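As a plain string of letters, each chain reads:
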Amino acid sequence: MKLVRNVVAATVAALCVGGALAQAGLTVKIAFIDPLSGPFANVGQNQLKSWQFVAERLSGAKNPAGVKFEVTGFDNKGSPQESLNSLKAAIDQGFRYVTQGNGSGAGLAISDAVSKHNARNPGKEVVYLNYAAVDPAMTNEKCDYWHFRLDADTSMKMEALTAFMKDQPSVKKVYLMNQNYSHGQQVSKYFKEDIARKRPDVKIVGDDLTPIGQVKDFSPYVAKIKQAGADAIVTGNWGADLTLLVKALNDAGLKIPMYTYYAQVTGTPTALAAGGDSEVYVIAYGHANEPGEIGKIADDFKQKFNDDYYTYATYNGINLMAAAMAKAKSSDPVKVAAALEGLTVKSFAGEVQMRKSDHQLQQSMFVTKWQKVDKKNPYSVENTGYTFAPVKQMDAFIASTPTSCQMKRPS
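A short tour of the structure in this document, coming up. Remember, it's a predicted structure, so these values are computed and weren't measured experimentally. (Residues numbered from 1 in each chain as written. Predicted model: local features only at pLDDT ≥ 70, side-chain atom pairs only at ≥ 80, totals over all residues. Heavy atoms only, no water.)

## Here we look at the sheet that holds strand 14 (residues 365–372)
And step 1. The seven strands lie next to each other as 7-6-8-9-10-14-15, forming an open sheet whose pairing is mixed. Each edge of the open sheet is held by one strand with a lone partner, namely strand 7 (203–210) and strand 15 (386–394). The sheet shows a mean angle of 20° between the axes of neighbouring strands, taken without regard to direction.
And step 2. Looking at chain direction, strand 6 (residues 173–179) and strand 7 are connected through seven bridges and run parallel. Bridge assignment links L176 to a residue of strand 7, and that residue is D207. (Pairing = 2+ DSSP bridges. Helix = DSSP H or I, 4+ residues; strand = E, 2+ residues; numbered from the N terminus. Axes fitted to C-alpha atoms, helices over the stretch in contact; angles between N-to-C directions.)

What follows is the structure, given as C-alpha cells:
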C-alpha cells in the first residue's frame, strides 16, 4: 500500500509539473446536509465523521486528481424544508458539491433545488452526491443530471434480498414493519412484488407503516407480530426506529429471523447484543469484516472515534470524485459531472460503475448475518462481541434493476 501511494504521489507530482492536472493542490469543499440533531442525530454525526475521515485519508497525493477534500456539516434536522435552507446556506458559502443521504424526502427536495439553481446560475453549478437516499424515483421518473447515487436503491436491495430469502425454506409467514415515508412504503411494495415472483407460497401476515421518528414504544407492534404467527420480519427501518423495534422484540422475548436494510447502523447493534443471539440479516453493498484498505479505514476510524465506520459510500464517493476530476483535469462541477457519467473505478468489492443512463451506481451486494465474532470475522460491531458476517455476495448484475429515466442533459 505504501509503495502504491508513493507511485501515486510521484505521478501527481510529475503531472503537476507538466500542467496536466490544473486542479492539483486545490481544496474541493463538500457540504454534508443531514440530521445532526433530533432522533436521528447519532446516525448523522457518525456519517459526517465518516465523510470527513475518508476525505482526509484520500486527499492530496493519495488520489489521482491531487486535490484536497474538505467536508463541512450542515444540520437539516431531517426535514426537507431545513434541507433547502441548508443547501442555500452552503451555496452562499461557495460550496459546489453537496452530499446527503438520510431521507429520500430531503433528497428529492435537494435534487430539485440543485437542478433549478443550476438552470438559473450558469457558471455556479452544483453537483449532488446522494450516499443513502434510496427512493427508486430519484434514478427513474425523477432522475436529474446533477444527481449521482452512491447507494443501491430500495428496489435493488430488495431484488438481492429476496434472491437470498427464496432459498430459506423456514420463511413462510412474513410481517412487514416499515416507516411511513417513501423508503418504508417502497420496501413493503417491492417485497410483495418480488417474493410473489420468487416464492408465491410465502404469506404476508402483517404490513405496518409507522410515523418516522415518532414511535417511542414498539411493543404494541411486536404484540401484533406475535399474534399474526409471523416466522420472519422484513424491515427497512433505520436509526431509532429500528433500535426501538429491536428493544421491544427483546422485551417480548420474540426470537424470529429479521431481514433488514440497516441493522448495522448506529445504536441498533448494541440493542441486538442486549438480546443475545438472534437471527438477523442485513442486505448492503459492504460489511463489517471487509479486508484490505477499507478494513484498515474501519479499524483506524474505530481507534480514533470508538465508533463504527459503516457508510462505505463515502469511500466510493471520494474515489469517484477524484477519478472524475483526474479525467476532466478540472474540479469544475460541470466538467466533473460529465466525467462521472459511465465512470468505472476499482472499489473494495470489485469494480463499481456510475451508470450513465440514470446516475445509479452499479455495485456488488452482500447478505450478512449477526453472530459472535470469530477468527474469520473478528470485527466487534459497537464493541459488543458480535459482528455482521458475510453469508452471500452477489455480483452487481443480480441486484441491477432497469430504469425509466429520461435524462435531460445540459446543452
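## Some remarks on the nonpolar core
Nonpolar side chains in soluble globular proteins generally cluster together in the buried interior.
And step 1. F69, V98, V234, Y259, Y309 and M325 are the most contacted members of the largest nonpolar core, which has 103 residues in total.
And step 2. Per-element tally for this core: the top contributor is helix 11 (residues 313–328), with 10 residues.
And step 3. If near-sequence neighbours (up to four positions away) are discounted, M325 is found in contact with Q23, V28, A65, V67, F69, Y97, S330, S331 and V336.
And step 4. Judged by nonpolar contacts, the second largest core, of 28 residues, contains L242, L254, A263 and V280. (Core = buried A, V, L, I, M, F, W, Y, C linked by side-chain atoms within 4.5 Å. Buried < 20%, exposed > 50% of the residue type's maximum accessible area, 1.4 Å probe, protein only. Contact = heavy atoms within 4.5 Å.)

## Describing empty space enclosed by the protein
And step 1. All chains considered together, the criterion is met by two cavities of 30 Å³ or more.
And step 2. By volume, the largest cavity amounts to about 410 Å³.
And step 3. Lining of the largest cavity is provided by 35 residues; of these, Y261, Y262, Q264, V265 and Y310 occupy positions nearest its centre.
And step 4. Among the residues forming the lining of the largest cavity, the class breakdown is 21 nonpolar, 11 polar and three charged.
And step 5. Taken as a whole, the second largest cavity spans an internal volume of roughly 40 Å³.
And step 6. Y285, S347, F348, A349, G350, V352, Q363 and S364 together form the lining of the second largest cavity.
And step 7. Here the residues of the lining of the second largest cavity sort into four nonpolar, four polar and no charged. (1 Å grid on protein atoms, 1.4 Å probe; cavity = no way out; pocket = protein on both sides within 12 Å on 5 of 7 lines; lining within 4 Å. Points joined across faces, edges and corners; volume = space filled by probe spheres on them. Nonpolar A, V, L, I, M, F, W, Y, C, P; charged D, E, K, R; others polar.)

Interpretation in functional terms is not warranted from these geometric data alone.
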